[in-house]
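Architecture and fold: a report
Residue-level listing of the chains:
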Amino acid sequence: MDEFKVRQGELFCEEIPVLALVKKYGTPLYVYSRATLLSHFHKIQTAFAPLSPLICYSVKANSNLSILKELAAQGAGMDIVSGGELVRVQTAGVPAARVVYAGVGKTRPEIAEALRAGILMFNVESEPELQRINHVAGQMKKVARVALRINPDVDAKTHQYITTGTKENKFGLSIPMALGLFREARKMKHVSAVGVHMHIGSQITSVTPYLQALKRLSVLVDELRAAGHALEYLNMGGGMGIIYDEEQPQTADAFARAVVPLIRPLGLKLILEPGRFIVGNAGVLLTSVQYVKRGHVKSFVIVDAGMNDLIRPSLYHAHHQIFPVKKSRSGRLQLCDVVGPICESGDFLGKDRHLPPLAEGDVLAVRSTGAYGMAMASNYNSRLRAAEVLVSGSKAAVIRRRETMADVLATELGAAKAKK
Ligand code: LLP
């Protein structure tokens, strides 16, 4: 459920007709609904209430400072994967004690900064990384709390680029390797291994792979305890799928009902890392039609947003619903591809869609783009990244102004001057 509703033929975000936002802020424009964002956060919070988990929102899904602030104010922690994301959560005022840090390639300076900040823990992905954390923490005379990320080798049945928990993936440690590394960790003076972590993939619409993975993790936890390791945390990662089109993902309640019985007996503090579930359906991308070009077999609706604004269709063949924000023209539906202005055949937002007749200036909404939309935007073709607006009731606030060419050129012009 979300707060983007069509009323009398016109799309609203909460109490505001999105066309009013387009008029004021132009396109391409990302628009988010605060009520939707918070309601999805609360759905997870309520569903898992019996275990009072720390919900660490996955910053990579949408790292806008205002989104982070909104969630932090609800008590959310954050899951980060880079020094840049650490600065973002610090800037948003998120307490470091609610921050967990994953990723296979943490650099020494990144580890040092996170230790200085006092984050809750690192989710460690390999033996050399654990050694590096021990070394950096030693230099800083600190003890780093870590969880070892387990790769439980289950197929999450999602797109191959966003599955992460099989032995072919670069993420985490196999169970036998993890057992060995927990033993190593006990000998290290500057790490304290306090938990196990997993994240098996993204846009997972069935609870089954989670259950398989949790069963494997439970056996591991028992073995670790028998060997005398004092564990405190179980981090189940993120990945809960959402409805883009015809998916039927489990609700947060059904998800919790299925997994809580496996988690509760372990007696560990639960951490969750949802990204898409919280923010995915809280955002739409608005784009204006530039041209309608009639082809031999179909029409091309050429819009002012491209793969640099939303790369998911090009990268994963992801489906996002696309529709005009206002019904203005009547006529039969037409077969068309909705494409951007970028010089690549892979630059499309939707293929083989049936849309009503369109003309220059019409505005289309690309739905469910709150997660991994703006966060993956680039300047390809020297295009300026979109503005972002957050709506709350009948109020709208710009939470990222539209980029200018001066922003884009700043790092290069600076470099040219420094050379002289
Ligand atoms: N935790 C870890 C360690 C992760 O790597 C991820 C996502 C998450 C949590 C959050 O997953 P979520 O709940 O959002 O599914 N760009 C892709 C998705 C990549 C996900 C990467 N990791 C897409 O647009 O579908």
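Residue numbers run consecutively from 1 along every chain, following the written order of its sequence. Only residues with pLDDT of at least 70 get local features here, since the model is predicted, and only at 80 or more are side-chain atom pairs given and counted; chain-wide, interface and lining totals rely on the full set of residues. Side-chain figures throughout are based on the complete set of non-hydrogen atoms in the structure, without hydrogens or water.

**What to know about the overall build of the protein**
Put simply, DSSP marks the helices as runs of H or I at least four residues long and the strands as runs of E at least two long, and each gets a number from the N terminus on. Broken down by element type, the protein carries 12 helices and 20 strands. C-alpha atoms define the radius of gyration, and 2.2 Å times the number of residues to the power 0.38 defines the globule rule. Computed over C-alpha atoms, the radius of gyration of the protein comes to 23 Å, within 12% of the 22 Å expected from 2.2 N^0.38 for 420 residues, which places it in the range of a compact globule. Projecting the C-alpha coordinates of the protein onto the three principal axes gives extents of approximately 70 × 60 × 40 Å. Taken over 420 residues, the protein has a buried fraction of 54%. We call two residues in contact whenever any of their non-hydrogen atoms come within 4.5 Å of each other. Considering only residue pairs separated by 6 or more positions, the protein has 70% of its internal contacts joining residues 24 or more positions apart. As displayed, the protein offers around 18,500 Å² of accessible surface, 53% of which is attributable to carbon and sulfur atoms. Within the protein, one finds 52 positive and 37 negative side-chain charges whose respective centroids are separated by 4 Å. Per-residue accessibility, obtained with a 1.4 Å probe over protein chains only, is compared with the maximum for each type, and a residue is labelled buried under 20%, exposed over 50%, and partly exposed between these values. Where accessible areas are quoted, they stem from the Shrake-Rupley method and a 1.4 Å probe; at the residue level, only the protein chains shown are allowed to cover. This count recognises Lys and Arg as positive and Asp and Glu as negative, with His and chain-terminal groups excluded. Lys charges are placed at NZ, Arg charges at CZ, Asp charges at CG and Glu charges at CD.

**Observations regarding the sheet that holds strand β2 (residues 10-13)**
In a beta sheet, neighbouring strands are held together by backbone hydrogen bonds and run either parallel or antiparallel to one another. A pair of strands counts as paired when DSSP detects no fewer than two bridges linking them. The strand order β1-β2-β3 describes an open sheet built from 3 strands, whose pairing is antiparallel. Bordering the open sheet on either side are β1 (4-7) and β3 (16-17), each of which pairs with just one other strand. Bridge count between β2 and β3: 2 bridges; the pairing is antiparallel. Looking at β3, one finds that Phe 12 is bridged to Pro 17.

**Description of the packing of aromatic side chains**
Only Phe, Tyr and Trp rings take part, Trp by its six-membered ring, and two of them pair if their centres are within 6.5 Å. Stacked means planes under 30 degrees apart, edge-to-face means over 60, and tilted covers everything else. This structure, assessed with the given rule, holds 4 aromatic pairs. Each residue in the set Phe 48, Tyr 210 and Phe 255 is aromatic and connected to the rest through ring pairs, giving one cluster. Placement of a positive charge over a ring is assigned whenever Lys NZ or Arg CZ falls within 6 Å of the ring centre and within 35 degrees of the normal to the ring plane. It is Arg 7 that lies over the ring of Phe 12; its NZ or CZ is 4.5 Å from the centre. Above the ring of Phe 348, the side-chain terminus of Lys 351 is found at 4.7 Å from the ring centroid.

**Some words on the domain arrangement of the protein**
All the domain ranges listed were derived from an automatic or database domain assignment. Parsing the protein into structural domains produces domain 1 (4-31 + 280-411) and domain 2 (34-278). The C-alpha centroid of domain 2 is placed 32 Å from the C-alpha centroid of domain 1. The partner domain 2 presents 21 residues to the 21 residues of domain 1 that form the contact. When two parts are brought into contact, each loses some accessible area as probed by a 1.4 Å sphere; the total of that loss over both is the buried area. Surface buried jointly by domain 1 and domain 2 totals about 2,000 Å² across both partners, of which 52% is contributed by carbon and sulfur atoms. In the sections that follow, a salt bridge refers to a side-chain nitrogen of Lys or Arg positioned within 4 Å of a carboxyl oxygen of Asp or Glu. In this assembly, domain 1 and domain 2 are joined by 0 salt bridges. Each polar contact in these results corresponds to two N or O atoms within 3.5 Å; when the atoms are within protein, one needs to be able to donate a hydrogen and the other to accept it, and residues that are neighboring in sequence are counted only if both atoms are side-chain atoms. One can count 10 residue pairs in polar contact (both at pLDDT 80 or more) joining domain 1 with domain 2. Ranked by the residues each element gives to the side of domain 1 that touches domain 2, the list is headed by strand β19 (residues 387-392), at 4 residues. Of the residues that constitute the side of domain 1 that touches domain 2, the class distribution is 9 nonpolar, 8 polar and 4 charged. We call Asp, Glu, Lys and Arg charged. Ala, Val, Leu, Ile, Met, Phe, Trp, Tyr, Cys and Pro are nonpolar, and the rest, Gly among them, are polar.

**Some details on the pattern of salt bridges**
Using the criterion set out here, one finds 15 salt bridges in the structure. Across the pair Glu 388 and Arg 400 runs a salt bridge, and its minimum N-O distance is 2.8 Å. Residue Glu 388 is located in strand β19, and its partner Arg 400 is located in strand β20 (residues 395-400); the two are separated by 12 residues in the primary sequence. Classification of Glu 388 as buried rests on a relative accessible area of 0%. Among the residues examined, Arg 400 registers a relative accessible area of 24% and is labelled partly exposed.

**Some words on the side chain of His 40**
Examined against the element boundaries, His 40 turns out to sit in helix α2 (residues 34-47). Among the polar contacts listed, one links the side chain of His 40 to the backbone oxygen of Thr 36, at a separation of 2.9 Å. In this structure His 40 touches Met 1, Phe 277 and Ile 278, once residues within four positions along its chain are discounted.

**Some points on the environment of Val 191**
Of note, Val 191 is situated in strand β10 (residues 191-197). Using a relative accessible area of 6% as the deciding quantity, one classes Val 191 as buried. A C-alpha to C-alpha distance of 47 Å links Val 191 and Glu 14, two positions 177 residues apart in sequence. Sequence-distant contacts of Val 191, defined by excluding residues within four places in its chain, comprise Leu 130, Ile 133, Asn 134, Val 143, Ala 144, Val 146 and Ala 185.

**As for the environment of Lys 293**
Within the fold, Lys 293 resides in strand β13 (residues 283-294). Once you skip the residues sitting within four places of it in the chain, Lys 293 turns out to touch Lys 298, Ser 299, Phe 300 and Ile 302.

**Let's talk about the nonpolar core**
Remark: nonpolar core denotes a set of buried residues (Ala, Val, Leu, Ile, Met, Phe, Trp, Tyr, Cys) joined through side-chain atoms within 4.5 Å. Counting 105 residues, the largest nonpolar core has Phe 48, Leu 71, Met 78, Phe 122 and Met 236 as its most contacted members. With 7 residues, helix α8 (residues 208-226) is the single largest residue contributor to this core. Summarising the domain contributions, this core has at least three residues from each of domain 1 (4-31 + 280-411) and domain 2 (34-278). Setting aside residues no more than four positions away along its own chain, Met 78 makes contact with Cys 56, Tyr 57, Val 59, Leu 68, Leu 71, Ala 72, Val 89, Val 94, Arg 98, Val 99 and Val 100.

**What about the packing of helix α4 (residues 83-91) against helix α5 (residues 108-117)?**
Each pair of packed helices can be summarised by the angle the axes make with each other and by the distance between the axes. Here an angle of 0 to 180 degrees is reported between the N-to-C directions of two axes, which are lines fitted to C-alpha atoms, with helices fitted over the stretch in contact. Where α4 meets α5, the closest approach of the two axes is 9 Å, and the angle between their N-to-C directions is 25°. As far as their axial angle goes, α5 and α4 are roughly parallel. Note that α4 runs across α5; the crossing there is left-handed. Contacts between α4 and α5 involve Gly 83, Leu 86 and Gln 90 on the former and, on the latter, Glu 110, Glu 113, Ala 114 and Ala 117. Looking at the contact of α4 with α5 residue by residue, the class counts come to 3 nonpolar, 2 polar and 2 charged. These descriptions rest on fixed angle ranges, namely under 35 degrees for roughly parallel, over 145 for roughly antiparallel, 65 to 115 for roughly perpendicular, and the rest for oblique. Two helices that cross are described as forming a left-handed crossing if the nearer one is turned anticlockwise from the farther one by less than a right angle, and a right-handed crossing if clockwise.

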